[in-house]
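# Fold and contact review
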Amino acid sequence: MKQDQGILLESGTNELEIVEFGIGNNRFGINVIKVKEILNPQPVTKIPHSHKSVEGIIEIRGEVVPVVDVAHALGFSPSENPKQDKFILTEFNKTKIVFHVHTVTQIHRISWEQIEKPNKMYQGLETQITGVIKMNEDMLLLLDFEKVVADINPESSIHADQLRELGQRERSQKKILIAEDSAMLRAMLQETLSEAGYENTITFEDGKEAYEHLEDLLEEGKTIEEEYQLIITDIEMPRMDGHHFTRLLKGHSDMNRLPVVIFSSLITDDLRHKGEIVGADGQVSKPEIVELVKIIDHHIL
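Fair warning: this is a prediction, and the values are worked out from it, not measured in the lab.

Turning to the sheet that holds strand β4 (residues 54-60), a few remarks are in order. The strand order across the open sheet built from 5 strands is β3-β6-β7-β5-β4, with neighbouring strands paired in mixed fashion. Single-partner strands in this sheet number two, and they are β3 (35-39) and β4. Taken pair by pair, the neighbouring strands of this sheet meet at an average axis angle of 25°, ignoring direction. Along the sheet, helix α3 (residues 145-152) makes contact with β4, β5 (63-69), β6 (86-92) and β7 (95-101), crossing β7 at roughly 100°.

Next up, the structure:
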């Protein structure tokens, strides 16, 4: 597979590249930024008492990495041609994981605007996918890998217990806007921020929905800084991603003073510059909720 690295150096274009892979007859996609390598299957060392969707562990260049059977995690049948299967080595949330899939076919360059929100029609997978891409007469589903991992290991996700190190917190009346496409993470983020004292949060499912809401407020004659004191945004979202959303906010004369914090599984040393280019006031890798709260405190306390 040939990969065009150019888009990875750009920021705020509202475009992405996705690796298409298959499970049975179903077509899925993963953001190419999360993909480190495509590997042929290799022997896996089983782990006693592990989750049923975890096949075991393998060693990749001296590093031990867990292997997740995506078909099992989604409730699909095993591969009919195991020798033709592929391992996708990924890195997100500062963690490396191998996902065992049945096929890897090609890379597509698309706009986030082409990605629709999932609904309950998608074979019961609506909670497992973050977007639907209609390609010709077929559909490509963007799999919510963070949820797959959280279902296997709940401790890997956001949870209020992480806030204990911050000690006793006071209640804040400051209002925070959250743009996050994962329903699971929206709920977790609201619950955890409430534990941290920030009870006044409003959520939106993507950057476009959030930006249109802010534009509506301006049309009503309201002042954005009086309505909200900070914005938290994911990067990967249908219709408008977090980098493009941030760029629009920072380029708008009535919105650019509002602090914007990017909270994403894609915050790495290699990609941090993309958030800096679009003007983000802070960037935190999921699930580091304590660091997120500290940055919020810095900007609005």
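Don't stop here, the text continues.
Further remarks concern the confidence of the model for the protein chain. Regions with low pLDDT carry predicted coordinates that are not meant to be interpreted in detail. Of all residues in the protein chain, 91% have pLDDT values of 70 or greater, and the mean over the chain is 87. The low-confidence segment residues 1-9, where pLDDT is below 50, has 22 contacts with residues more than four positions distant or belonging to other chains.

Along the chain, Thr 268 turns up in the loop between β15 (260-264) and α8 (272-278). In this structure Thr 268 comes out as partly exposed when scored by relative accessible area, which is 24%. A sequence separation of 221 residues divides Thr 268 from Ile 47, and the C-alpha atoms of the two residues are 29 Å apart.

For the rest of this paragraph, the subject is the packing of aromatic side chains. Evaluation of the coordinates by the stated rule reveals 6 aromatic pairs. Their ring planes at 20° and their centres at 5.7 Å tell us that Phe 21 and Phe 28 sit as a pair that is stacked. Looking at Phe 21, the relative accessible area reads 1%, which means it is buried. With 6.5 Å between their ring centres and 85° between their planes, Tyr 211 and Phe 245 make a pair best called edge-to-face. Here Tyr 211 is found in helix α5 (residues 207-219), whereas its partner Phe 245 is found in helix α7 (residues 242-250), with 34 residues between them in sequence.

Time to look at the side chain of Asp 85. Along the polypeptide, Asp 85 turns up in the loop between α2 (70-74) and β6. One polar contact links Asp 85 to Ser 79, side chain to side chain, over a distance of 2.7 Å. Here the side chain of Asp 85 touches His 100 through a polar contact of 2.7 Å, side chain to side chain. Those residues in contact with Asp 85, other than ones at most four positions away along the chain, are Pro 41, Ser 79, His 100, Val 101 and His 102.

In an α-helix, one turn spans 3.6 residues, which is why side chains three or four residues apart end up on the same side. With 13 residues, helix α4 (residues 183-195) should reach 18 Å at 1.5 Å per residue; the first-to-last C-alpha distance of 19 Å fits that figure. Residues of α4 that are buried: Met 184, Leu 185, Arg 186, Leu 189, Thr 192 and Leu 193. Where α4 is buried, its residues contact α3, β12 (176-179), β13 (201-204), β14 (230-233), β15 and α9 (289-300). Following α4 by one or two positions, Gly 197 has its phi on the positive side, about 105°.

Where α4 meets α9, the closest approach of the two axes is 11 Å, and the angle between their N-to-C directions is 60°. Regarding the angle of α4 to α9, the classification is oblique. Read as a crossing pair, α4 and α9 show a hand that is right-handed. Residues Leu 189, Thr 192 and Leu 193 of α4 touch α9, and the partners they reach there are Ile 289, Leu 292, Val 293 and Ile 296.

Here the focus is the sheet that holds strand β8 (residues 103-111). Pairing in this open sheet of 6 strands is mixed, and the strands run β8-β1-β2-β11-β10-β9 from one edge to the other. Where the open sheet ends on each side, the last strands, each with one partner, are β8 and β9 (115-116). Across 6 bridges, strand β1 (residues 15-23) lies against strand β2 (residues 26-31) in antiparallel orientation. Bridging from a neighbouring strand, Ile 23 pairs with Asn 26 of β2.

On to the pattern of salt bridges. The full count for this structure, using the stated rule, is 18 salt bridges. Salt-bridge contacts for Lys 96 lead to Glu 63; the nearest nitrogen and oxygen are separated by 3.1 Å. Taken as a pair, Lys 96 in strand β7 and Glu 63 in strand β5 lie far apart in primary sequence, 33 residues in all. Note on Lys 96: relative accessible area 26%, which makes it partly exposed.

What follows concerns the packing of α5 against α7. Where α5 contacts α7, the axes come no closer than 9 Å and their chain directions differ by 20°. Judged by the inter-axis angle, α5 sits roughly parallel to α7. Considering how the two elements wind past one another, α5 and α7 form a crossing that is right-handed. Contacts between α5 and α7 involve Gly 207, Ala 210, Tyr 211 and Leu 214 from the former and Phe 245, Leu 248 and Leu 249 from the latter. Here the contact of α5 with α7 is composed, by residue class, of 6 nonpolar, 1 polar and no charged.

What follows is about the pairing of β15. The element β15 is largely enclosed, with a buried count of 5 among its 5 residues. Burial along β15 is two-sided: Val 260, Ile 262 and Ser 264 and Val 261 and Phe 263, pointing in opposite directions, are all buried. Here β14 runs beside β15; their pairing, made up of 3 bridges, is parallel. Paired with Ile 231 across the bridge in β15 is Val 260. The β-α-β motif built from β14, the intervening α7 and the parallel element β15 has right-handed crossover chirality.

Basis of the calculations
- Residues numbered from 1 in each chain as written.
- Predicted model: local features only at pLDDT ≥ 70, side-chain atom pairs only at ≥ 80, totals over all residues.
- Heavy atoms only, no water.
- Pairing = 2+ DSSP bridges.
- Helix = DSSP H or I, 4+ residues; strand = E, 2+ residues; numbered from the N terminus.
- Axes fitted to C-alpha atoms, helices over the stretch in contact; angles between N-to-C directions.
- Contact = heavy atoms within 4.5 Å.
- pLDDT = per-residue confidence, 0-100.
- Buried < 20%, exposed > 50% of the residue type's maximum accessible area, 1.4 Å probe, protein only.
- Phe/Tyr/Trp six-rings, centres within 6.5 Å; stacked < 30°, edge-to-face > 60°.
- Polar contact = N/O pair within 3.5 Å; in protein donor to acceptor, adjacent residues only side chain to side chain.
- Expected span 1.5 Å × (residues − 1).
- Parallel < 35°, antiparallel > 145°, perpendicular 65-115°, else oblique.
- Left-handed = near helix turned anticlockwise from the far one by under 90°.
- Salt bridge = Lys/Arg side-chain N within 4 Å of Asp/Glu carboxyl O.
- Nonpolar A, V, L, I, M, F, W, Y, C, P; charged D, E, K, R; others polar.
- Right-handed = clockwise from strand over helix to strand, strands pointing away.

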